[in-house]
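Here is what each chain is made of, one letter per residue.
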Amino acid sequence: MSDLKQLHALLLTSGLSQQQSSTSQIINFSALSDSGNIDYSYRVLTQLPTPTVFDWNAVIRGYSKSRNPNRSISVFIKMLRHGASPDYLTYPFLAKAWARLLKRELGVAVHGHIVKAGFESDRFISNSLIHMYATCRDILYARKVFDKIATKNSVSWNSMLDGYAKCGDVASAREVFEMMPERDIVSWSSLIDGYVKDGEYGEALRVFEKMRVMGPKANEVTMVSVMCACAHLGGLATHGLVRQSLELFREMQMIGIAPDEITYLRLLSACAHGGLVKEAWHSFECIGKHGMAPTSEHYACMVDVLARRGQVEEAYQFICRMPGDPTPSMLGALLNGCTNHGKLGLAETVGRRLIEIQPNHDGRYVGLSNVYAVSKRWDDARSLRQAMERSGVKKTPGFSLVEIFGSLHKFIAHDKSCPDSEEIYGMLNVIVNEIRSDSDSRDQEYFL
């Protein structure tokens, strides 16, 4: 701006400040350039005896995207008082200002000016009105403007689609989407974002998958919405779409979205769900390569990946090499892996370590007791129960929640406080008798 001001000063001192072309360029640059000054542009405008519509539009547009969009209306009023006639470019800038301010009543007033000026059929102006009304959450009036457009272009369709999506009416947004003669990346992204904002994450992912097959290539806006839908990749893994989550991560990197610690945490979770050890190691190593330090959650996920695949010895060595002490969640994942894959010797070591770390946690005693029961080490199971009792640790009773007609009912073993207990336990006995197996009764005794 300093160079521009010097140029303007030179024009003033040389008597050339009234030359329309030079002054208009100064107004336009200072109003619209990122390095400009909209207030300076306005001061230059007011010094002109007969500003052109181009000059007025530049300042109105500059204020519409500034920190103070309200100034757009004051400049517009000054324009009218000056005797200048707005053109088809003036009104979209005003509509943008009202959309930013959420001033529907001012937008309606400008809409009245548009009708009086004979610009109601202008498609460019109508598109801006759709956006303005939808942003102000008057989606019905936005639709009226949309329906009056004789020849709709892609901006018309996308504005209406985005309006419905932003107002939470994804059903209408989908209807508009299906009616569109052509769909571009804006169309797909708006629909996906609409489903995300409405909490329909599964549908957002299905639309994304459809876009990948038949639509345009995803851009950063699309990927951000999809990442939100799958909770930074975790949601995809939860739904069994592990490979898709890794492919989504690669696409995210290709378009320049830098992964953070949460992204890698969700990636490791996805690998755990899919049993992808190689991919998990790659993701874990990338954390350090990108200048981040793995957290205890990253280590726990890596242990979970290895333990689920039965690589429990490797998981145990990984824990021993890590900086700091292992957390209960890491050892818990390892204990489950050892138990599930029959590595009972290591399971006992891990189980005892968990009790040392959390001596008052009943679940830790339960885990080790189950290991002894699987190994049929009844004396050790009995000793563990006695140690648990001596420590004053009581097992939290398990309970079930059943929803009946919108109300939750809690049931605890041997609880007879419910008025219908007799009927409930009668039915329970019928079910138990039907599913009772020939398991050794001593096995049952030592599973706490």
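Above this note sits the structure.
Residues numbered from 1 in each chain as written. Predicted model: local features only at pLDDT ≥ 70, side-chain atom pairs only at ≥ 80, totals over all residues. Heavy atoms only, no water.

*Asks:* Can you lay out the overall build of the chain for me, pointing to particular residues and giving the numbers?
*Replies:* Regarding its fold elements, the chain presents 26 helices and two strands. Within the span of the chain, comprising 448 residues, buried residues form 42% of the whole. Contacts in the chain between residues at least 24 apart in sequence constitute 57% of all its contacts with a sequence separation of at least 6. (Helix = DSSP H or I, 4+ residues; strand = E, 2+ residues; numbered from the N terminus. Buried < 20%, exposed > 50% of the residue type's maximum accessible area, 1.4 Å probe, protein only. Contact = heavy atoms within 4.5 Å.)

*Asks:* Any details on the nonpolar core? Residues and values, ideally.
*Replies:* Ranked by internal contacts, the top residues of the largest apolar core, which has 64 residues, are Val59, Val75, Met132, Met160 and Ile192. Here this core gets seven residues from one element, more than from any other, and that element is helix α6 (residues 90-101). Apart from the residues lying within four places of it in its own chain, the contact partners of Met132 are Ala95, Trp98, Ala99 and Gly107. The next biggest cluster of nonpolar side chains, apart from the first, holds 47 residues, and it includes Met322, Leu334, Leu368 and Ala381. (Core = buried A, V, L, I, M, F, W, Y, C linked by side-chain atoms within 4.5 Å.)

*Asks:* Which residues make up the packing of helix α7 (residues 104-117) against helix α8 (residues 123-135), and what values go with them?
*Replies:* In the contact formed by α7 and α8, the axes pass within 11 Å of each other and the chain directions differ by 160°. In this view, α7 runs roughly antiparallel relative to α8, as classed from their interaxial angle. Along this stretch, α7 crosses α8, giving a crossing that reads as left-handed. On α8, the residues touching Arg104, Gly107, Val108, His111 and Ile114 of α7 are Ile125, Leu129, Met132 and Tyr133. Per-class residue counts for the contact of α7 with α8 are six nonpolar, two polar and one charged. (Axes fitted to C-alpha atoms, helices over the stretch in contact; angles between N-to-C directions. Parallel < 35°, antiparallel > 145°, perpendicular 65-115°, else oblique. Left-handed = near helix turned anticlockwise from the far one by under 90°. Nonpolar A, V, L, I, M, F, W, Y, C, P; charged D, E, K, R; others polar.)

*Asks:* I'd love a proper account of the packing of aromatic side chains, names of residues and values included.
*Replies:* According to the stated counting rule, one finds 12 aromatic pairs in the structure shown. Consider the rings of Phe146 and Trp157, whose centres lie 5.3 Å apart with planes at 75°: the pair is edge-to-face. Within this pair, whereas Phe146 is found in helix α9 (residues 139-148), its partner Trp157 is found in helix α10 (residues 154-166), the two being separated by 11 residues in sequence. Look at Trp157 and you get buried, because its relative accessible area is 11%. Pairing Tyr299 with Phe318 gives two aromatic rings, centres 5.4 Å apart and planes at 35°, and the pair type is tilted. Placement of the pair is Tyr299 in helix α19 (residues 296-308) and Phe318 in helix α20 (residues 312-321), with a sequence separation of 19 residues. Judged by relative accessible area, Tyr299 falls into the buried class, the value being 12%. Phe318 sits in the buried class, given a relative accessible area of 5%. (Phe/Tyr/Trp six-rings, centres within 6.5 Å; stacked < 30°, edge-to-face > 60°.)

*Asks:* Go over a nonpolar patch on the surface with me, naming the residues and quoting the values.
*Replies:* A surface patch of nonpolar side chains, about 390 Å² in accessible area, is lined by Phe399, Leu401, Leu408 and Ile412. Taken together, the elements giving at least two residues each to the nonpolar patch come down to β1 (399-404) and β2 (407-412). Looking at the secondary structure, you find Phe399 in strand β1. Relative accessible area serves as the criterion here: at 46%, Phe399 is assigned to the partly exposed category. (Patch = residues over 30% accessible without salt bridge, like charges linked within 9 Å, V, L, I, M, F, W, Y side chains within 5 Å. Areas by Shrake-Rupley, 256 points an atom, 1.4 Å probe, with all protein chains shown as cover. Salt bridge = Lys/Arg side-chain N within 4 Å of Asp/Glu carboxyl O.)

*Asks:* Before we move on, can you summarise the pattern of salt bridges with the specific residues and values?
*Replies:* The tally for this structure, following the rule as stated, stands at 15 salt bridges. For the salt bridge of Asp304 with Arg308, the shortest nitrogen-to-oxygen distance reads 3.0 Å. Pair noted here: Asp304 and Arg308 are both in helix α19, with a separation of four residues, about one helical turn. When the shortest N-O distance is used, the salt bridge between Arg382 and Asp379 registers 3.2 Å. A residue pair is termed a helical-turn pair when its members lie 3 or 4 positions apart in one helix, as Arg382 and Asp379 do in helix α24 (residues 378-390) at three residues. The exposure class assigned to Asp379 is exposed, which follows from its relative accessible area of 56%. It is possible to trace a salt-bridge network through shared partners that takes in Arg174, Glu178, Arg183, Glu203 and Arg206.

*Asks:* Outline unusual backbone geometry, listing residues and values.
*Replies:* Of note, Arg137 is a non-glycine position whose phi angle comes to about 65°, a positive value. Within the element layout of this structure, Arg137 appears in the loop between α8 and α9. The class for Arg137 is exposed, based on a relative accessible area of 55%.

*Asks:* So, the packing of helix α17 (residues 261-274) against helix α18 (residues 277-289): which residues are in play, and what are the values?
*Replies:* For any two helices packed against each other, one specifies the inter-axial angle together with the distance between the axes. With their axes 9 Å apart at the nearest point, α17 and α18 run at an angle of 165° to one another. One element, α17, and the other, α18, form an angle in the roughly antiparallel class. You can see that α17 and α18 cross each other, and the crossing is left-handed. Residues Tyr264, Leu267, Leu268 and Cys271 of α17 lie in contact with α18, whose contacting residues are Glu279, Ala280, Ser283, Phe284, Cys286 and Ile287. Of the residues assigned to the contact of α17 with α18, the class counts are eight nonpolar, one polar and one charged.

These values are about where atoms sit, not about what they do.
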